[in-house]
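# Survey of secondary and tertiary structure
The residues making up each chain are set out below.
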Amino acid sequence: MNNINLAKQINQQFPVELVKFLQLAGVTAAGLQQRLFLVGGVVRDLLLERPNLDLDLVVEGDAIRLAEEMARLETGKVIARSRFNTAKIRWERWTVDIAAARAESYTQPGALPSIQSFCDIQNDLIRRDFSVNAMAIYLDPPRFGELIDRYEGQADLKRGLIRVLHDKSFQDDATRIWRAVRYEQRLNFKIEDHTLELIKRDIDYLETISGDRLRGELELCLEEEKPEKSLQRADDLGILAKLHPDLKFGESSARFFVKARGRLEPFSIPEEFELALLVYGFTPEHLTEFNVLLKIPKSVALVLQETLQLKNELPTLAEKGLTDGAVYRLLHRFQQTAILVNLLAASSYAAKKRMELYLAKLQHVRTFLNGRDLMSMGITAGPRVKETLELLLEARLDGRAKTREEEIEMVKKVG
Ligand code: ATP
């Protein structure tokens, strides 16, 4: 199976400018006596004929020097360099990552790997997560396009399998458990039987992963085209419960994701919206624990809290005889996302109708008088102005003040 050449696929699947970039990069690396490779997900997707222009290059040598040399030769620009010998180069409208081939070691489970040494491509590929992601393509002439596939990556692509390279893989880095689920669901593959056994054996290693990294994995999952597939699989395998023991993702949650996507198309669902759907079944206490564990940013945590607070208010919102002013009073303190999530997930028809009314009409109604008018009428600047405006707005919504003059009368009464 080895020694196949993918130059033709590169020409067919990449834009001309990127093909030119790869060829020039290979020649430049050769000029520096270094071998250069295309690696990882882009090789996988090239073989699967899936669009992917997220190029990762690995050089057996000095990545920064190569990037600088490329920028000197052509109009490219080095936009980032790191002390780990990696560089980012902007080329036309693309960004390409270049890293030095490296071996890694794990000092303790869950910790980020420490770079052991710079090495050749074979040792760089050993540290990778799955066989389908552990292939590389030569870019330096005369081997341009030649595939390196030491771990039966091509065979696994054909069989539709996600398979780790060794039995300690998930112990070294349990985030790979999330990665396995994402690739499996994205590509419609299956996690290979033995790999699945290893996930079950090593699932507790997810507890060794920091909140930041877990949140990162969850975010990547939510960025998938159909996140509900990965979330459901993660629930089935007990992976979701490692984020919080009470986190569940059943069929109804999956339906909400599909529904939300349908409503928002062609736009993608904002991440905080998806997170709010995910935690919709939580109690406020569980949500607080979840926010702390995953270090959810404050602004997002607030949306999640408001979503649950509004869920709690839904019975009131569904009560008979509620005036438009009362609906406004109840809903205007909630952020739009919290309302939209409840609109999607709530079961009460009456509450839904009122949220729709609020979003379509009530939130846009304005009073005749403004803050300046109130102050010129003697209301002291500060919270009183806001309170009075709210009072006027509710009166307007309820039909108790239909004109500017009626509003002035009301202010005189309350002032
Ligand atoms: P995607 O299409 O999701 O971006 P990708 O394969 O490009 O997929 P990246 O997260 O960008 O994924 O990682 C690039 C490559 O780095 C992977 O293909 C894999 O070879 C390697 N890699 C990334 N994360 C890990 C990890 N946690 N453990 C081992 N190898 C990893």
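All figures in this text were calculated on a predicted structure; none of them were measured in a lab.

### Quick word on the domain arrangement of the protein chain
Domain assignment breaks the protein chain into domain 1 (1-159), domain 2 (160-292), domain 3 (297-355) and domain 4 (371-414). Spacing between the C-alpha centres of domain 2 and domain 3 amounts to 27 Å. With 18 residues of domain 2 in contact, the opposing surface of domain 3 contributes 18 residues. Summing the contributions of domain 2 and of domain 3, the shared interface buries around 1,600 Å²; its carbon and sulfur component is 74%. Of all residues in domain 2, the largest losses of buried area upon contact with domain 3 belong to Glu-272, Phe-273 and Tyr-280, amounting jointly to 42% of the total for that side. Summed over the shared surface of domain 2 and domain 3, the number is zero salt bridges. Elements supplying a minimum of two residues to the side of domain 2 that touches domain 3: helix 12 (251-264), helix 13 (271-278) and helix 14 (284-293). Counting residues per element, the side of domain 2 that touches domain 3 draws most heavily on helix 13, which supplies five residues. Residue composition of the side of domain 2 that touches domain 3, grouped by class: 11 nonpolar, three polar and four charged.

### Considering the sheet that holds strand 5 (residues 94-100)
In space, the seven strands of this open sheet follow the order 3-4-5-2-1-8-9, with mixed pairing throughout. The open sheet has two edge strands with one neighbour each: strand 3 (77-82) and strand 9 (147-148). Alignment of strand 4 (residues 86-91) against strand 5, held across six bridges, turns out to be antiparallel. Its bridge partner lying in strand 5, Lys-88 is registered against Asp-97. Helix 3 (residues 41-48) contacts strand 1 (36-39), strand 2 (56-59), strand 8 (136-138) and strand 9 of the sheet and is inclined by roughly 65° relative to strand 1.

### Observations regarding the site of the ligand
The ligand sits among 15 residues. The nearest are Arg-128, Asn-133, Asp-173, Arg-176 and Arg-186. Arg-128 is positioned such that a nitrogen or oxygen atom in its side chain is 3.0 Å from an oxygen atom of the ligand. Protein chains bury 76% of the 580 Å² of accessible surface belonging to the ligand in isolation. Listed by contribution, the elements that provide at least two residues to the shell around the ligand are helix 3 and helix 8 (175-187). The element that contributes the greatest number of residues to the shell around the ligand is helix 8, accounting for six residues. Residues lining the shell around the ligand come from more than one domain, with at least three contributed by each of domain 1 (1-159) and domain 2 (160-292).

### Points about the side chain of Asn-133
Its location among the elements puts Asn-133 in the loop between helix 5 (121-126) and strand 8. When its relative accessible area of 4% is taken as the criterion, Asn-133 is described as buried. In this structure the side chain of Asn-133 is engaged in a polar contact, spanning 3.2 Å, whose partner is the side chain of Asp-129. In terms of polar contacts, Asn-133 uses its side chain to reach the side chain of Tyr-183, at 3.5 Å. Beyond its immediate chain neighbours, meaning those up to four positions away, Asn-133 contacts Gly-40, Gly-41, Arg-44, Arg-128, Arg-179 and Tyr-183.

### With respect to helix 14
Restricting attention to buried positions, one finds in helix 14 the residues Leu-287, Phe-290 and Asn-291. Buried residues in helix 14, looked at end-on, bunch into an arc of 100°, giving them a common side. Facing away from the buried side of helix 14 by over 90 degrees, the exposed positions are Glu-285 and Val-292. The inward-facing, buried residues of helix 14 contact helix 10 (211-223), helix 13 and helix 15 (298-317). Directly beyond the C-terminal end of helix 14, a positive phi value near 50° is found at Lys-295.

Reading the values: the criteria
- Residues numbered from 1 in each chain as written.
- Predicted model: local features only at pLDDT ≥ 70, side-chain atom pairs only at ≥ 80, totals over all residues.
- Heavy atoms only, no water.
- Domains from an automatic or database assignment.
- Contact = heavy atoms within 4.5 Å.
- Buried area = accessible area lost by both parts, 1.4 Å probe.
- Salt bridge = Lys/Arg side-chain N within 4 Å of Asp/Glu carboxyl O.
- Helix = DSSP H or I, 4+ residues; strand = E, 2+ residues; numbered from the N terminus.
- Nonpolar A, V, L, I, M, F, W, Y, C, P; charged D, E, K, R; others polar.
- Pairing = 2+ DSSP bridges.
- Axes fitted to C-alpha atoms, helices over the stretch in contact; angles between N-to-C directions.
- Near = heavy atom within 4 Å.
- Polar contact = N/O pair within 3.5 Å; in protein donor to acceptor, adjacent residues only side chain to side chain.
- Areas by Shrake-Rupley, 256 points an atom, 1.4 Å probe, with all protein chains shown as cover.
- Buried < 20%, exposed > 50% of the residue type's maximum accessible area, 1.4 Å probe, protein only.
- Arc of directions from axis to C-beta.

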